[in-house]
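Each chain is listed here by its residues.
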Amino acid sequence: MKKKVFTISIVFGAVILIFYSVTAYAITRHEAVQYAIDNSESIRIVRQSAKQTREVGRQSVAFLKPQVNLVSAYARLGTNAPEIPIPELDYPEKDILAQAELSQILYAGGRIMSSLALEKNLYKQAEQQEISGIREIVKVVKSTFDAVLFQKAVVDILQDRFVQRQRELEDARNLWEAGVVILLDVRQAQLNLNFADDSLKDSEASHKQALIDFNVAMGRSGNEQLLVPEGTLGDTDTLNEKIHSLYGAIDKQDLLDIDLRKTEAEAARLNHQIIRGEYYPELRFLSAATTQGESRTDMDEFWSVGLQMRWNLLDGGLARARSAEAGAQLRSARENLERTKKDLAGLVEKISVEYESLKQRKLLQIEAVKLAEENYEDAREQYRAGTITLTDLGVFNLRFAEARFNLIQIYFLQRQLMVESEALLENKRNIP
C-alpha cells in the first residue's frame, strides 16, 4: 500500500513538472518590466498620448510665428452693360490674380508671453504624463508578477496537503486492516483526499489565470507561450526604507503626482491669462505683394507695408464666458492639487500602518507555521497509534495549511505595499 501511494505522488509531481517545463519559460521581475516597456501596446499608447500633449503645446504658440498666405485666382468676367466704343475703356473678359501676404503679431494683450510659457508647461506636462502612465503599467506588471508567485505558493501548499491526505488514507486503511478503526475512517479519509484534490485543481486553475493576467499585463497575448515569474514569495527587507522615503517626499512635496497636479494648475493659470488677453487689442505687422491683370503679359503689380490693429469690442459675451470657464478650470485645478496632497499623505499613512501590522503578524505566523507543523506530525503519530480520531487529525491538518497560507498572504501583502511605495516614489523616465 505504501508503495502504491508513493508511486502516485511521484507520478503526480512529474506531471506538474513536465506541464510547466513544456508550456512556460521563466522570467525575472526586472526582465518582465523591461519586456513590458519594450513591447506593450499600453506603453505605446501612453507615449502617443504624451506626444499629443506636446503637439497641443506647439499649437499654442503657432499664432506667434510669421504667417504667410498665398492666393491665386482666375476668373472669367461678363456683363450686360452696353459696349464702350473706345477699346481702351472696354470691360475686361477675365481676371488673373496672384498675391503673397506676410503678417507678424506684435502685441496681443499679454498673450504672447503667456503662450510661450504655456508651451513649456505642456512639454513638461507631457513628460510627466508619460512617466506617470508608464509607472502605472509597470505597477500592474509587478503586481501580477507577485500574484503569480502567490498563486504558485498556494498550489504548493495544497499539493502538500494532497500528499498528506494520501498518507492519512494509507494510515486509515492500515488501522482498519488491523481492526483498530471501522470502515468509516477509510471512507472519511478518501473523502478528505477527494476534497484536497478538488482544492488543488481549483488552485492550479487560479494559478494559470494569474499567469495569463501577468502575460497580458506585459503586452503578450493570452494564448502565446506563457512566461512564468521566477522566484518565490519572501520577506521584503527594504519596505521600511521606502516608507521612510515616502514621509520625506510628502514633507517636501517631491512626488510625481504632486508635481503633475502643480503643472496642470499652472497650465490652467496660463490659459486663464491668455483668454483674458482677448479683451485687449491685437497689433500686427502686415506686408503684401499683389499682381493682377487680364493676361500674363498685361499684369499690374501692387505692394503694401503697414500695421493693423484689431479690437473686438462686442462679441455677444463670448470672451466673458470663455474667461469665466477658464477661471473655473483654474480653481478646479488648484483644488485638485490640494486634494492630491491630502490623498497622498493619507495613502502613505495607511501604508505605514499596514506595514507595522504585517510586521507583527508575520512574526506570529512564522511561529504558528512551526507549531502547526509539529502539532500535525504529533497528531498523525497519535492517530496511527489509535489514541485520537481521524476528525481530530483533520483539524490539525487544516490548522497547518491555514498557518502556511496566512504567512504567504502576509508576504504577498508586503510585496503589494512595496510595489505601491516604489510607484509613488518614481519620478524618473527610466523606470526600473
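As the structure is a prediction and not an experimental result, all values here were calculated from the model. (Residues numbered from 1 in each chain as written. Predicted model: local features only at pLDDT ≥ 70, side-chain atom pairs only at ≥ 80, totals over all residues. Heavy atoms only, no water.)

Right, let's get into the overall build of the protein chain. Check the secondary structure of the protein chain and you find 9 helices and 6 strands. Counting over 432 residues, the protein chain shows a buried share of 39%. Expressed as a percentage of contacts within the protein chain between residues at least 6 apart in sequence, the contacts between residues at least 24 apart total 82%. Only carbon and sulfur atoms are counted for the fraction: they give 54% of the accessible area of the protein chain, which is about 25,300 Å². (Helix = DSSP H or I, 4+ residues; strand = E, 2+ residues; numbered from the N terminus. Buried < 20%, exposed > 50% of the residue type's maximum accessible area, 1.4 Å probe, protein only. Contact = heavy atoms within 4.5 Å. Areas by Shrake-Rupley, 256 points an atom, 1.4 Å probe, with all protein chains shown as cover.)

Let us now look at the confidence of the model for the protein chain. Detailed reading of the predicted coordinates is not advisable wherever pLDDT falls low. Summing up the model confidence of the protein chain, the mean pLDDT is 87 and the portion of residues at 70 or higher is 90%. Across residues 1–12 the pLDDT falls below 50, and counting only partners more than four positions away or on other chains, this stretch makes 11 contacts in the model. Under a pLDDT of 50 for its full length, residues 14–23 has, in the predicted model, 6 contacts with residues more than four places off or in other chains. (pLDDT = per-residue confidence, 0-100.)

This part is about the pattern of salt bridges. Summed over the entire model, instances satisfying the criterion amount to 27 salt bridges. Between Arg54 and Glu130 there is a salt bridge; the shortest N-O distance is 4.0 Å. With Arg54 in helix H3 (residues 41–60) and Glu130 in helix H4 (residues 111–177), this pair connects stretches of sequence that are 76 residues apart. (Salt bridge = Lys/Arg side-chain N within 4 Å of Asp/Glu carboxyl O.)

On the surface, a nonpolar cluster with roughly 1,200 Å² of combined accessible area is contributed by Val68, Leu70, Leu102, Leu106, Tyr107, Tyr279, Tyr280, Phe285, Trp303, Val305 and Leu307. At the level of elements, strand E2 (67–76), strand E3 (94–107) and strand E6 (298–310) are the ones that each hand at least two residues to the nonpolar patch. Looking at the element boundaries, Val68 is found in strand E2. For Val68, a relative accessible area of 57% puts it in the exposed group. (Patch = residues over 30% accessible without salt bridge, like charges linked within 9 Å, V, L, I, M, F, W, Y side chains within 5 Å.)

Following both chains from N to C, one finds helix H2 (residues 29–39) and H3 inclined at 55°, their axes separated by 6 Å at the closest point. Relative to H3, H2 is oriented oblique. H3 is crossed by H2, and the crossing has right-handed handedness. Contact with H2, carried on its side by Ala36, Ile37, Asp38 and Asn39, involves Glu41, Ile43, Arg44 and Arg47 of H3 and no other residues of that element. Each residue belonging to the contact of H2 with H3 can be placed in one class, and the counts come to 3 nonpolar, 1 polar and 4 charged. (Axes fitted to C-alpha atoms, helices over the stretch in contact; angles between N-to-C directions. Parallel < 35°, antiparallel > 145°, perpendicular 65-115°, else oblique. Left-handed = near helix turned anticlockwise from the far one by under 90°. Nonpolar A, V, L, I, M, F, W, Y, C, P; charged D, E, K, R; others polar.)

Counted by the stated rule, this structure contains 4 aromatic pairs. Taking the centre distance of 5.7 Å and the plane angle of 75° together, the rings of Phe145 and Phe214 count as edge-to-face. You can see Phe145 sitting in helix H4 and its partner Phe214 sitting in helix H5 (residues 183–218), a full 69 residues away along the chain. No difference in accessibility class separates Phe145 from Phe214, as the two residues are buried. Ring pairs connect the aromatic residues Phe150, Phe405 and Phe412, which therefore count as one cluster. (Phe/Tyr/Trp six-rings, centres within 6.5 Å; stacked < 30°, edge-to-face > 60°.)

Here we have 4 strands laid out as an open sheet, ordered E2-E3-E5-E6, and antiparallel in their pairing. The sheet terminates laterally at E2 and E6, the two strands that pair on one side only. Strand after strand, the sheet turns through a mean of 15° between neighbouring axes, direction not considered. Here 11 bridges tie E3 to strand E5 (residues 282–295), and the two strands are oriented antiparallel to one another. Pairing of Leu102 across the sheet is with Ser287, part of E5. (Pairing = 2+ DSSP bridges.)

This part covers unusual backbone geometry. Phi is positive for Gln253, close to 55°, though the residue is something other than glycine. Examined against the element boundaries, Gln253 turns out to sit in the loop between helix H6 (239–252) and helix H7 (256–276).

Membership of the largest hydrophobic core comes to 54 residues, with the highest contact counts inside it found for Ala32, Val141, Phe214, Met218 and Tyr383. Within the residue set of this core, elements represented by two or more residues are H2, H3, H4, H5, strand E4 (226–229), helix H8 (318–385) and helix H9 (390–425). Looking at this core, the element that brings in the most residues is H4, giving 17 residues. Apart from residues no more than four positions distant in its own chain, Tyr383 is found in contact with Asp171, Ala172, Leu175, Val181, Asp185, Ile388, Thr389, Leu390 and Leu393. (Core = buried A, V, L, I, M, F, W, Y, C linked by side-chain atoms within 4.5 Å.)

Our next topic: the environment of Glu93. Looking at the secondary structure, you find Glu93 in the loop between E2 and E3. We classify Glu93 as exposed; its relative accessible area is 51%. For the pair formed by Glu93 and Arg76, sequence separation is 17 residues and the distance between their alpha carbons is 6.0 Å. Discounting chain neighbours no more than four positions away, the residues touching Glu93 are Ala75, Arg76, Leu77 and Glu294.

Between H7 and H8, whose axes approach to 9 Å, the crossing angle comes to 165°. Judged by the inter-axis angle, H7 sits roughly antiparallel to H8. For the crossing formed where H7 meets H8, the hand is left-handed. A per-class count over the contact of H7 with H8 returns 10 nonpolar, 7 polar and 9 charged.

As judged from the 13 bridges shared by E5 and E6, these two strands associate in the antiparallel manner. For Phe285, the partnering residue across the bridge sits in E6 and is Leu307. Between E5 and E6, which pair antiparallel one after the other, the connecting turn spans 2 residues.

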